[in-house]
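# Chains, contacts and geometry: an overview
Here are the chains, one letter per residue:
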Amino acid sequence: MNTTNLLAVSQFHYPFPMLKNPYAAVMQEITDNEWIDGTYLPLYKDDPVTRKKYKKTKTAHIASQWFPTASLERLRPACRLMLWTLYNDDKYEEYSPEEISFIEQQSLAVLKGTLSGEDAGIPLGGLLATLREELVQFVPPESMTRFTDGLQKYFNGLKQEQHYKSLKTFPTVEESLAIREDSLCLYPFLELLDLETGLILPEEVHQHPVIKRLKALTVRMMVCFNEVQSFSKDEATDAIYYNVLKVIQHQKNLSFEEAVRQILHIHNEYLNEFQYLQRFLPDFGPWQDAVVNRVHYFSMTLNGWRSISSGLDRYNSLTGFPDAQTAKNALDG
């Protein structure tokens, strides 16, 4: 990341607590040695350079910022999911929306238990089958449904990204924010916070418009930060057509610095609304304390991501992420 980008990223601030799971290092060792160089070695068997890039992304440390109080057993599936998000995102960023639809169908079927990992016919089917086995030990069916709904949002966003990328056209600013809200793949993690707390909130809490809005604001704030942070990476991978910062720059004919000011303004409006809703939550009766606590967990993802991602080569250099064709070719066919 160049100096200009660093200065832009430094303008994002979150008045929220930040914790990190004490099992982060243990899970990172498992991720590197048992998963990347073990179970999932066939993905990049003859490509130690790409495997090293995934290790340096420190997916277990990212998950540990988002699930800071989970036990080791509950943190494990969160870390496996985090590794999947990177593998999946990198592998399919060059696929057509139609091809992604097949991956979506098979992936969700595995996670819903209607298809085995072996029969899915996709490279990451086994990973998803293991992830399901781990998750159902700790969360009920309704939590799994919200989780898979969150993943469906991700795939929908991914397909929309590829639509604009293939046409080499830019959406509107609001369209790009909506696309990235889905494709950032934060919703599945927010929907898995039952895993973190061990407390299953009732469906009426999850479906309350204020809670749904707080989740959306959390994701959109992270989108704004991520677009500035990923600006150089997205230029290098031709992903400019759905990077919100690039869309603002293009649609309004602004300099990089002017576009940053605009996206920071959008971000701060989201932040102000989040803090207002957090401060004046509706009355959830006997669930009030649990809801207050859950909203705190929403907020901790923001400082957590800002903290860990600032030191990752994936976002801070042009050599820290896998070549798109390399990722696409991994176990293709």
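The rules behind the values
- Residues numbered from 1 in each chain as written.
- Predicted model: local features only at pLDDT ≥ 70, side-chain atom pairs only at ≥ 80, totals over all residues.
- Heavy atoms only, no water.
- Axes fitted to C-alpha atoms, helices over the stretch in contact; angles between N-to-C directions.
- Helix = DSSP H or I, 4+ residues; strand = E, 2+ residues; numbered from the N terminus.
- Parallel < 35°, antiparallel > 145°, perpendicular 65-115°, else oblique.
- Contact = heavy atoms within 4.5 Å.
- Nonpolar A, V, L, I, M, F, W, Y, C, P; charged D, E, K, R; others polar.
- Salt bridge = Lys/Arg side-chain N within 4 Å of Asp/Glu carboxyl O.
- Buried < 20%, exposed > 50% of the residue type's maximum accessible area, 1.4 Å probe, protein only.
- Phe/Tyr/Trp six-rings, centres within 6.5 Å; stacked < 30°, edge-to-face > 60°.
- Lys NZ or Arg CZ within 6 Å of the ring centre and 35° of its normal.
- Core = buried A, V, L, I, M, F, W, Y, C linked by side-chain atoms within 4.5 Å.
- Disulfide = S-S within 2.5 Å.
- Expected span 1.5 Å × (residues − 1).
- Lys, Arg positive; Asp, Glu negative; His and termini not counted.
- Polar contact = N/O pair within 3.5 Å; in protein donor to acceptor, adjacent residues only side chain to side chain.
- pLDDT = per-residue confidence, 0-100.

Time to look at the packing of helix α9 (residues 173-183) against helix α15 (residues 244-252). Axis separation between α9 and α15 bottoms out at 9 Å; the angle between their running directions is 170°. In this view, α9 runs roughly antiparallel relative to α15, as classed from their interaxial angle. In contact with Val-173, Ser-176, Leu-177 and Arg-180 of α9, α15 contributes Val-244, Val-247 and Ile-248. Considered class by class, the residues forming the contact of α9 with α15 number five nonpolar, one polar and one charged.

Summed over the entire model, instances satisfying the criterion amount to 18 salt bridges. The salt bridge partner of Glu-227 is Arg-180, with a shortest N-O separation of 3.0 Å. Within this pair, whereas Glu-227 is found in helix α13 (residues 209-229), its partner Arg-180 is found in helix α9, the two being separated by 47 residues in sequence. Each member of the pair, Glu-227 together with Arg-180, is buried. Linking Glu-191 and Lys-215 is a salt bridge whose minimum nitrogen-to-oxygen distance equals 3.0 Å.

Right, let's get into the packing of aromatic side chains. Overall, the coordinates contain 15 aromatic pairs when judged by the stated rule. Relative to Tyr-54, the ring of Tyr-44 lies with its centre 5.6 Å away and its plane at 40°, an arrangement referred to as tilted. Of the two residues, Tyr-44 is situated in the loop between α2 (24-39) and α3 (48-56) and Tyr-54 in helix α3; the sequence distance between them amounts to 10 residues. On the numbers, 5.1 Å between centres and 55° between planes, the contact of Tyr-154 with Phe-155 is tilted. Of the two residues, Tyr-154 and Phe-155, neither departs from the other in class, the shared state being buried. An aromatic cluster of three or more residues is present, and its members are Trp-66, Phe-67, Phe-189 and Trp-305. Between the NZ or CZ atom of Lys-153 and the centre of the ring of Tyr-187, over which it lies, the distance is 4.9 Å.

In this structure, Lys-58 is a non-glycine residue whose phi angle is positive, near 55°. Locating Lys-58 in the fold gives a position in the loop between α3 and α4 (59-66).

Mapping Lys-246 onto the fold places it in helix α15. In contact with Lys-246, other than residues within four places in its own chain, are Phe-170, Phe-231, Glu-235 and Ile-240.

Membership of the largest hydrophobic core comes to 106 residues, with the highest contact counts inside it found for Trp-66, Phe-67, Trp-84, Tyr-87, Phe-147 and Leu-214. It is α13 that contributes the most residues to this core, 12 residues altogether. With near-sequence residues (within four places) excluded, Phe-147 lies in contact with Leu-81, Leu-111, Leu-131, Leu-135, Pro-188, Glu-191 and Leu-192.

Let's shift gears to the environment of Leu-277. Of note, Leu-277 is situated in helix α16 (residues 256-279). By relative accessible area, which is 15% here, Leu-277 ends up buried. Through-space distance from the C-alpha of Leu-277 to that of Arg-261 is 24 Å; in sequence the pair is 16 residues apart. Leu-277 has contacts with Val-210, Arg-213, Leu-214 and Leu-217, leaving out every residue within four places of it along the chain.

Moving on: the state of the cysteines. Counted by the stated rule, this structure contains zero disulfides. Free of any disulfide, Cys-79 has its nearest neighbouring cysteine sulfur in Cys-185, separated by 15 Å. Cysteine Cys-224 shares no disulfide, and the gap to the nearest cysteine sulfur, in Cys-185, comes to 18 Å.

A rise of 1.5 Å per residue sets the reference length of α16, with its 24 residues, at 34 Å; its end C-alpha atoms lie 34 Å apart and thus fit the reference within 8%. Buried within α16 we find Phe-256, Ala-259, Val-260, Ile-263, Leu-264, Ile-266, His-267, Tyr-270, Leu-271, Phe-274, Leu-277 and Gln-278.

In this section: the side chain of Glu-196. Within the secondary structure, Glu-196 sits in helix α11 (residues 193-197). Of the side chains with opposite charge, Arg-74 lies nearest to the buried Glu-196, which makes no salt bridge, at 8.5 Å. A distance of 3.4 Å separates a polar atom in the side chain of Glu-196 from the backbone nitrogen of Ala-70. Beyond its immediate stretch of four places on either side in the chain, Glu-196 contacts Trp-66, Phe-67, Pro-68, Thr-69, Ala-70 and Tyr-297.

Okay, the confidence of the model for the protein next. Model confidence for the protein is summarised by a mean pLDDT of 91, while 91% of its residues fall at 70 or above. Considering each helix and strand of the protein separately, the mean pLDDT is smallest for helix α19 (residues 324-329), with a value of 50, and largest for helix α7 (residues 125-135), with 98.

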